[in-house]
Every structure is written in C-alpha cells, then in structure tokens.
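Inside the fold
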Amino acid sequence: MKRKMNWSSGLTLMELSAVLIVVGIIAFGLTVGFRGVMHHYAQDKVKQDIRHYGNTLMREITIQMNQAEKIERDTFNGYARIKIYQDKYSSIPDVTITGSMDEGILFDGVPALEGNLALPINGPYRDNGRREITLEEFTVTKSSDPRPSLGKFNSAYLNIELVLELTTNTFTDGHSVDEEIVFNRTVFLSRAYLLS
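So, here is what we can say about the structure in this document. Counting starts from 1 at the beginning of each chain's written sequence and moves along it residue by residue. Totals for whole chains, interfaces and linings use all residues, but because this is a predicted model, local features are given only for residues with pLDDT of at least 70 and pairs of side-chain atoms are given and counted only at 80 or more. Just so you know, side-chain values use all the structure's heavy atoms and leave hydrogens and water out.

Here we come to the packing of aromatic side chains. Here the aromatic set is Phe, Tyr and Trp, taking the six-membered ring for Trp, and pairing holds for ring centres within 6.5 Å; pairs whose planes are under 30 degrees apart are stacked, those over 60 apart are edge-to-face, and all others are tilted. Tallied over the full model, the rule gives two aromatic pairs. Taking the centre distance of 5.9 Å and the plane angle of 90° together, the rings of Tyr41 and Tyr125 count as edge-to-face. Placement of the pair is Tyr41 in helix H1 (residues 13-66) and Tyr125 in the loop between helix H2 (112-115) and strand S6 (131-142), with a sequence separation of 84 residues. Note on exposure labels: buried denotes an accessible area under 20% of the residue type's maximum, exposed denotes more than 50%, and partly exposed covers the range between, all computed with a 1.4 Å probe on protein chains only. Among the residues examined, Tyr125 registers a relative accessible area of 24% and is labelled partly exposed. Aromatic side chains Tyr157 and Phe188 sit 6.4 Å apart centroid to centroid with 55° between the ring planes, which places their arrangement in the tilted category. Of this pair, Tyr157 sits in strand S7 (residues 157-168) while Phe188 sits in strand S8 (residues 177-188), and the two are 31 residues apart along the sequence. Residue Tyr157 is classed as partly exposed on the basis of its relative accessible area, which comes to 29%. The cationic tip of Lys70 hangs over the ring face of Tyr85; the distance from NZ or CZ to the ring centre is 4.4 Å. Helix and strand definitions follow DSSP, with helices as H or I runs of at least four residues and strands as E runs of at least two, each counted in order from the N terminus. As a reminder, the over-ring test applies to NZ of lysine and CZ of arginine, requiring each to be within 6 Å of the ring centre and within 35 degrees of the ring normal.

Here it is as structure tokens:
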C-alpha cells in the first residue's frame, strides 16, 4: 500500500517564529562579540602608540646622555630633571630633560625631537575622554652597588624609569580602568666615566 505525502508550500507561523528567534540570537551574539573585538582593538591601538612614544623617548634620552661629559640630576615638580652638559666645565646645561603630567617628557620645555614626539593624548579612540594618557612617574637613579671600589662606576651607571598611565572610560557601568605602562632603561655614561 502506498502512502501519499501532502506537502504545503510556504512556512507556518510556528516555523517563521523559530527562524526569527534563531536569527535574532545569532545577530545579538555577533553584535556583542563585535563590540568586544572593537574595544580590544581600540585599546591595543592606543597601547601601541604609548609603547612607540615610550621606546622612542627612552632612545632619545639615552642618546643625549651618552653624548654628555657631565650630568646633574634632581627633581622638579615631582619628576626627575636631568641637566646634560656637553662640556664638563660649563655651568649652563646644553639640554634639560624633565617631565610634565599632561605633556610628557620635555627637552628644554618642548616635546622630544624638536616638538615632534609629544605625549600621545590625541589620536584615534581617545576623543571625548574615553582614554586619557598621563605621565605618572619619571625617575633617574644611580646604580646602588655597595662596594666602595665601584663608586666611580656607580656614578656613571644610571637607571631611567618612565611610567605612563592609561585611564580607560569606555565602560557603561561608570567605572574606569587604570593601567600603568612601564619603560626601563639602564645607561652607562661612558664619556662622563672616562672624563671623571
């Protein structure tokens, strides 16, 4: 005995509802996932700019310090200040490096590389206060080997630490997240060591 199947063309209301629910769930998942991916992309882009700034800045400070015959260190406005002298008998520094919370590291009062390397506070994903970058810490310390025979060496061996803070205000719950990005560099002042 043969059975005949009845097929109807079109969708029933139940089938249509099921399809809409499944498509809605998929669309919601994609939207949430895309927002997360975009947030992480934006965060990584800003961090990349900060890393570029910090690494370039440390290289410039190292170059300036390696050319010096004499260096004086102190603090100014809570940040290290480095006075670099090309001639060890000079009383006026050739370059003064210091920090500012909102402007970053300054060479003679202007950003590094003749004003071309400013703290990356402007750029993509930083508008409307979503991400703020500030200079948290800038220190220059002398090597601390306790052996007295290394006193001259210790005075020519400096540790530079630069800490930049990234404050992210992109969350809907009203909270912000602070991240510190730390740069360290150790510099041996060969010219100052040989001339002392």
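A grouping of Leu13, Leu16 and Leu20 is seen on the molecular surface, where their side chains present a nonpolar patch of about 330 Å² in accessible area. Mapped onto the elements, Leu13 comes out in helix H1. You can call Leu13 exposed: its relative accessible area is 69%. For patches, a residue must show more than 30% relative accessible area and have no salt bridge; joins then use 9 Å for like charges and 5 Å for nonpolar side chains, namely Val, Leu, Ile, Met, Phe, Trp and Tyr. All accessibility values rest on the Shrake-Rupley procedure with a 1.4 Å probe; residue burial counts only the protein chains present in the view. Here a salt bridge means any side-chain nitrogen of Lys or Arg lying within 4 Å of a carboxyl oxygen belonging to Asp or Glu.

What makes two strands pair is DSSP finding at least two bridges between them. Across seven bridges, strand S1 (residues 70-76) lies against strand S2 (residues 79-85) in antiparallel orientation. Looking at the pairing, Asp74 lines up with Arg81 of S2. Counting the residues between successive antiparallel strands, the hairpin from S1 to S2 contains two residues, one of them, Asn77, with a positive phi of roughly 55°.

Glancing now at the environment of Glu179. As for its placement among the helices and strands, Glu179 is situated in strand S8. The class for Glu179 is partly exposed, based on a relative accessible area of 24%. Considered as a pair, Glu179 and Leu164 are 15 residues apart in the sequence and their alpha carbons are 8.3 Å apart. Only heavy atoms matter for contacts: two residues are in contact if any of them lie within 4.5 Å across the pair. In this view, Glu179 contacts Gln43, Lys47, Leu164, Glu165 and Leu166; residues no more than four positions away in its chain are not counted. Polar side-chain contacts of Glu179 include one of 2.7 Å to the side chain of Lys47. For the purposes of these results, a polar contact is taken to be a pair of N or O atoms within 3.5 Å, where, inside protein, one atom must be able to donate a hydrogen and its partner to accept one; residues adjacent in sequence count only when each atom of the pair is a side-chain atom.

The strand order S1-S2-S3-S4-S5 describes an open sheet built from five strands, whose pairing is antiparallel. Strands at the two margins of the open sheet, each flanked by one partner only, are S1 and strand S5 (110-111). Summarising the sheet, strand S4 (residues 104-107) and S5 pair through two bridges and their orientation is antiparallel. Each residue of the ladder has a partner; that of Phe107, found in S5, is Val110.

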